[in-house]
Amino acid sequence: MYDTSLFIQKVNTPAYVVDEAQLIQNLKILDGVRKRTGVKILLAQKAFSMYRVYPLIGKYLDGTTASGVYEAKLGKEYMGNREVHIYAPAFKEKDMQEIISISDHIVFNSPKQWGKWKEKIASSPKTLSCGIRINPEYAEVETDLYNPCIPGSRLGTKLEDLKQMDLSGISGLHFHTMCEQDADVLWRTVQIVDKKFGPILKHMKWINFGGGHHITKKGYQMNLLEKSISLFQEKYGLQVYLEPGEAIALNAGFLVSEVLEVMENQKKIAILDTSAACHMPDVLEMPYYPDILQENILCKPAQDFSDKNQYRLGGPTCLAGDVIGDYQFAEPLKEGDRIVFCDMAIYTMVKNNTFNGMPLPSIYLLKKDGKLELVRNFTYDDFKNRLS
Ligand SMILES: *Cc1c(COP(=O)(O)O)cnc(C)c1O
């Protein structure tokens, strides 16, 4: 099991601890795919934007992708001289000049968006590559919140609409239809994309497979990823891009929290200094049960309250539903105990909020030599400054 002793008692809680060694392990797996296939891999900053480690990420990957001008700037500023890609469902007039000046690829959501900006792009001295996000109308995502192919989706252009479009000036297609999935899903998806969009792909230079690839998860079917990449390389001579977010920092971060109070109302309840709503909102949105560690022991979710060491974990806000879940512990919990939530680097810091005046967790980096570095801590001013 993971050894938390390098940081558990050393941090001020609540705190994120990002594990550089695990991050490097993930990056090496991704770099292996790059080297074996020639695919280019970008960090999707939507999942993880801790720019303190961008120089490290930039040693292994090709650049960043963004959903707006702020993320694009962050990638440009902190990942050295790497590629900057951007996609958004719609762009704003006031941002476009800056987006053009810093981006290498701009992906448009629709023929209408492309029509709106193509003159501005053509008249700019900067050369950049433009693409269209397609909606292949095929996804195996079970949660609607994460499925861009649901009927009525605003994301991407369907084949029937793409066929009507003048594609001059467009050099790539982009699809993003997966979420935490293995490469068998990708393989089925690329076959559909190939069949439907093949005649258009003949005129393209690149294809971007989006994110949602669980490449760094144990047991991932790397052979099917590589087969999917070579399909487009061999058949159409395309440069293939991947832009995973989650896979880059998977299992590379923890959230350390402290038990403030233990109480009882039909069941045992522990109140922590970290909030599901503020510090790990996906626990409520997905929803899911994060893995947690007590003294390095993995605690399982509890089905019933038959055992004396089962607790409901709740946050310190006044939101009734600010509950992380019910867990089976090895030892009874008491005030001052520290609990570690696993896999908390991704979709956490980027989604933090200060609802109800909650403090933002500090951010630490556990260096690969075992040293703990405080990257950032937050104060009352970080709460106050956004409100008036
Ligand atoms: C969210 C997103 C990604 C990254 O997805 P992960 O599931 O974190 O890998 C990549 N591209 C686009 C367009 C996205 O919206």
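Residues numbered from 1 in each chain as written. Predicted model: local features only at pLDDT ≥ 70, side-chain atom pairs only at ≥ 80, totals over all residues. Heavy atoms only, no water.

Chemist: Hey, could you run me through the nonpolar core in this one?
Modeler: Taken as a class, soluble globular proteins show a tendency for nonpolar side chains to be buried jointly. Formed by 101 residues in total, the largest nonpolar core has its most connected members in Phe232 and Leu313. Top contributing element to this core by residue count: helix H7 (residues 183-201), with nine residues. Among the domains, domain 1 (4-17 + 253-344 + 352-384) and domain 2 (38-249) are the pair contributing at least three residues each to this core. Ignoring any residue separated from it by four or fewer positions in sequence, one finds Leu313 in contact with Ala270, Leu272, Ile292, Val323, Ile324, Gly325, Tyr327, Phe329, Leu333, Ile339 and Phe341. (Core = buried A, V, L, I, M, F, W, Y, C linked by side-chain atoms within 4.5 Å. Buried < 20%, exposed > 50% of the residue type's maximum accessible area, 1.4 Å probe, protein only. Helix = DSSP H or I, 4+ residues; strand = E, 2+ residues; numbered from the N terminus. Domains from an automatic or database assignment. Contact = heavy atoms within 4.5 Å.)

Chemist: So what exactly am I meant to see when it comes to helix H8 (residues 222-236) here?
Modeler: Residues spaced three or four apart along an α-helix point in a common direction, a consequence of the helix completing one turn every 3.6 residues. Along its 15 residues, H8 runs 22 Å from first to last C-alpha, staying within 8% of the 21 Å computed at 1.5 Å per residue. Along H8, the positions that sit buried rather than exposed are Met222, Leu224, Leu225, Glu226, Ser228, Ile229, Leu231, Phe232 and Tyr236. Against the buried residues of H8 lie helix H1 (20-37), H7, strand E8 (206-208) and strand E9 (239-242). (Expected span 1.5 Å × (residues − 1).)

Chemist: Would you take a moment to explain the site of the ligand for this structure?
Modeler: In the vicinity of the ligand lie 13 residues, with Lys46, Gly212, Glu243, Glu246 and Tyr347 positioned nearest. Within the side chain of Glu243, an N or O atom sits 2.7 Å from a nitrogen atom of the ligand. Contact with the protein chains removes 89% of the 390 Å² of surface that the ligand exposes when unbound. In terms of residue class, the shell around the ligand is built from four nonpolar, five polar and four charged. (Near = heavy atom within 4 Å. Polar contact = N/O pair within 3.5 Å; in protein donor to acceptor, adjacent residues only side chain to side chain. Areas by Shrake-Rupley, 256 points an atom, 1.4 Å probe, with all protein chains shown as cover. Nonpolar A, V, L, I, M, F, W, Y, C, P; charged D, E, K, R; others polar.)

Chemist: Just checking my understanding: could you explain the packing of aromatic side chains for this structure?
Modeler: Two descriptors summarise a pair of aromatic rings, namely the distance from one centre to the other and the angle between the planes of the rings. Tallied over the entire structure, the rule returns 11 aromatic pairs. Each ring, one from Tyr311 and one from Phe329, has its centre 5.7 Å from the other, and the planes form 80 degrees; the classification is edge-to-face. With Tyr311 in strand E14 (residues 310-314) and Phe329 in the loop between strand E15 (323-328) and strand E16 (338-342), the pair connects residues that are 18 residues apart, well separated along the chain. Residues Tyr311 and Phe329 agree in their burial class; the two are buried. (Phe/Tyr/Trp six-rings, centres within 6.5 Å; stacked < 30°, edge-to-face > 60°.)

Chemist: Would you explain the sheet that holds strand E5 (residues 105-108) in this entry?
Modeler: An order of E2-E3-E4-E5-E6-E7-E8-E9 is seen for the eight strands of this closed barrel, with the pairing classed as parallel. Strand-to-strand, the axes of this sheet are offset by a mean angle of 25 degrees, without reference to chain direction. Relative to E9, strand E2 (residues 40-44) runs parallel, the two being bridged by two bridges. If you follow Ile41 over to E9, its bridge partner there is Leu242. (Pairing = 2+ DSSP bridges. Axes fitted to C-alpha atoms, helices over the stretch in contact; angles between N-to-C directions.)

Chemist: Help me out: how do you make sense of helix H4 (residues 93-102) in this one?
Modeler: All buried positions along H4 are accounted for by Asp95, Met96, Ile99, Ile100 and Ile102. The buried residues of H4 occupy one face: seen down the axis, they fall within an arc of 165 degrees. Here the buried face of H4 lies against helix H3 (69-78), strand E4 (83-88), E5 and helix H5 (111-122). (Arc of directions from axis to C-beta.)

Chemist: What am I meant to see in the pattern of salt bridges here?
Modeler: Oppositely charged side chains may form a pair once their charged atoms are brought near each other. For the coordinates displayed, the defined rule picks out 21 salt bridges. Residue Glu20 pairs with Lys367 through a salt bridge whose shortest N-O separation is 4.0 Å. With Glu20 in helix H1 and Lys367 in the loop between strand E17 (362-366) and strand E18 (372-376), the pair connects residues that are 347 residues apart, well separated along the chain. Note that Glu285 and Lys351 form a salt bridge whose closest N and O atoms lie 3.0 Å from each other. Residue Glu285 is found in helix H11 (residues 282-285), and its partner Lys351 is found in the loop between E16 and E17; the two are separated by 66 residues along the sequence. On the accessibility criterion, Glu285 (42% relative accessible area) is partly exposed. By relative accessible area, which is 26% here, Lys351 ends up partly exposed. One continuous salt-bridge network, built from bridges that share partners, spans Asp31, Arg34, Lys35 and Asp62. (Salt bridge = Lys/Arg side-chain N within 4 Å of Asp/Glu carboxyl O.)

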